[in-house]
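Chains, contacts and geometry: an overview
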Amino acid sequence: MDERWTPVVAELRERFAADTDIVEVEAYLSSQGYDRRQIGEILSLLYRDTVSSRSWVDTAGTRNVPLRVQGPHERGRFTAEAWGYLVLMHASGTVNQTDFEQLVERALVHVDGRIGLAEIRAVAEQSGFDDGAVGGERPLIH
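**What about helix α7 (residues 117-126)?**
Residues of α7 that are buried: Ile-120, Val-123 and Ala-124. End-on view of α7: buried residues confined to an arc of 100°, all on one side of the axis. In this structure, α7 carries Ala-118, Glu-125 and Gln-126 as exposed residues pointing more than 90 degrees from its buried face. On its buried side, α7 packs onto α5 (80-92) and α6 (97-110). The positive-phi residue at the C-terminal boundary of α7 is Gly-128, with phi of around 95°.

**Considerations on the nonpolar core**
In terms of nonpolar packing, the biggest core is built from 19 residues, with Phe-78, Leu-86, Leu-103 and Ile-120 touching the most fellow members. Those elements that provide at least two residues to this core are α5, α6 and α7. Ranked by residue count, the leading element in this core is α5, at 6 residues. With residues up to four places along the chain from it excluded, the contact list for Leu-86 reads Phe-78, Phe-100, Leu-103, Val-104 and Ile-120. Core analysis: the second largest hydrophobic core is formed by 15 residues, Val-8, Leu-12, Ile-22 and Leu-29 among them.

**Notes on the pattern of salt bridges**
Counting across every chain of the model gives 3 salt bridges. Ionic pairing is found between Glu-11 and Arg-15, a salt bridge with its closest N-O pair at 3.9 Å. Placement of the pair is Glu-11 and Arg-15 together in helix α1 (residues 6-15), with a separation of 4 residues, close to one helical turn. Note on Arg-15: relative accessible area 49%, which makes it partly exposed. Residues Arg-37 and Glu-41 are paired through a salt bridge, measuring 2.5 Å at the closest nitrogen-oxygen approach. Residue Arg-37 and its partner Glu-41 are both found in helix α3 (residues 36-47); the two are separated by 4 residues, about one turn of the helix. Each of Arg-4, Arg-37 and Glu-41 takes part in one network of salt bridges that share partners.

**Some details on the side chain of Glu-26**
Here Glu-26 lies in helix α2 (residues 22-31). A relative accessible area of 17% means that Glu-26 is categorised as buried.

**Quick notes on α5**
Spacing of three or four residues puts side chains on the same side of an α-helix, whose turn is 3.6 residues. Its 13 residues place the ends of α5 18 Å apart at the C-alpha level, agreeing with the 18 Å of an ideal helix rising 1.5 Å per residue. Considered for burial, the residues of α5 that qualify are Ala-82, Trp-83, Tyr-85, Leu-86, Val-87, Met-89, His-90 and Ala-91. Directly after α5, the chain includes Gly-93, whose backbone phi takes a positive value near 95°.

**Here we look at the packing of aromatic side chains**
Summed over the entire model, instances satisfying the criterion amount to 4 aromatic pairs. Pairing Trp-5 with Tyr-34 gives two aromatic rings, centres 5.8 Å apart and planes at 70°, and the pair type is edge-to-face. Highlighted residues: Trp-5 in the segment before α1 and Tyr-34 in the loop between α2 and α3, separated in sequence by 29 residues. Taking relative accessible area as the criterion, Trp-5 reaches 7% and is therefore assigned buried. We classify Tyr-34 as partly exposed; its relative accessible area is 24%. Ring geometry for Phe-16 against Tyr-28: centres 5.6 Å apart, planes inclined by 70°, an arrangement best described as edge-to-face.

Cut-offs applied
- Residues numbered from 1 in each chain as written.
- Predicted model: local features only at pLDDT ≥ 70, side-chain atom pairs only at ≥ 80, totals over all residues.
- Heavy atoms only, no water.
- Buried < 20%, exposed > 50% of the residue type's maximum accessible area, 1.4 Å probe, protein only.
- Helix = DSSP H or I, 4+ residues; strand = E, 2+ residues; numbered from the N terminus.
- Arc of directions from axis to C-beta.
- Contact = heavy atoms within 4.5 Å.
- Core = buried A, V, L, I, M, F, W, Y, C linked by side-chain atoms within 4.5 Å.
- Salt bridge = Lys/Arg side-chain N within 4 Å of Asp/Glu carboxyl O.
- Expected span 1.5 Å × (residues − 1).
- Phe/Tyr/Trp six-rings, centres within 6.5 Å; stacked < 30°, edge-to-face > 60°.

So, in structure tokens, the structure goes:
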């Protein structure tokens, strides 16, 4: 653990229950004067023990796909349905890891507030990803 954040993380563990919404923790840190980068570092350390790094098998059962979990800055923005939609697109082969990350970034930048299923579908469609197309069937956009 980064030694400079050890006391802050310890304080947060005492102040907040483990199931506290990350938005509350982020708001508290912001009120204490931490900037976005610092908050991201602190939240990463605070929640690192709750993030799984295990792999899972895709729906066809043919290959292991690394499970991409939300970072602290993403947890408060994506609804479970929207995140599940992205994971399903990746698992089905509709998007590769790079495309997945680009969709996440575009959604974070272009959608204000919570990102729901309708919003992430719109971002995916605008980016040229059809959720009915699989792998190489995706249309080429210039």
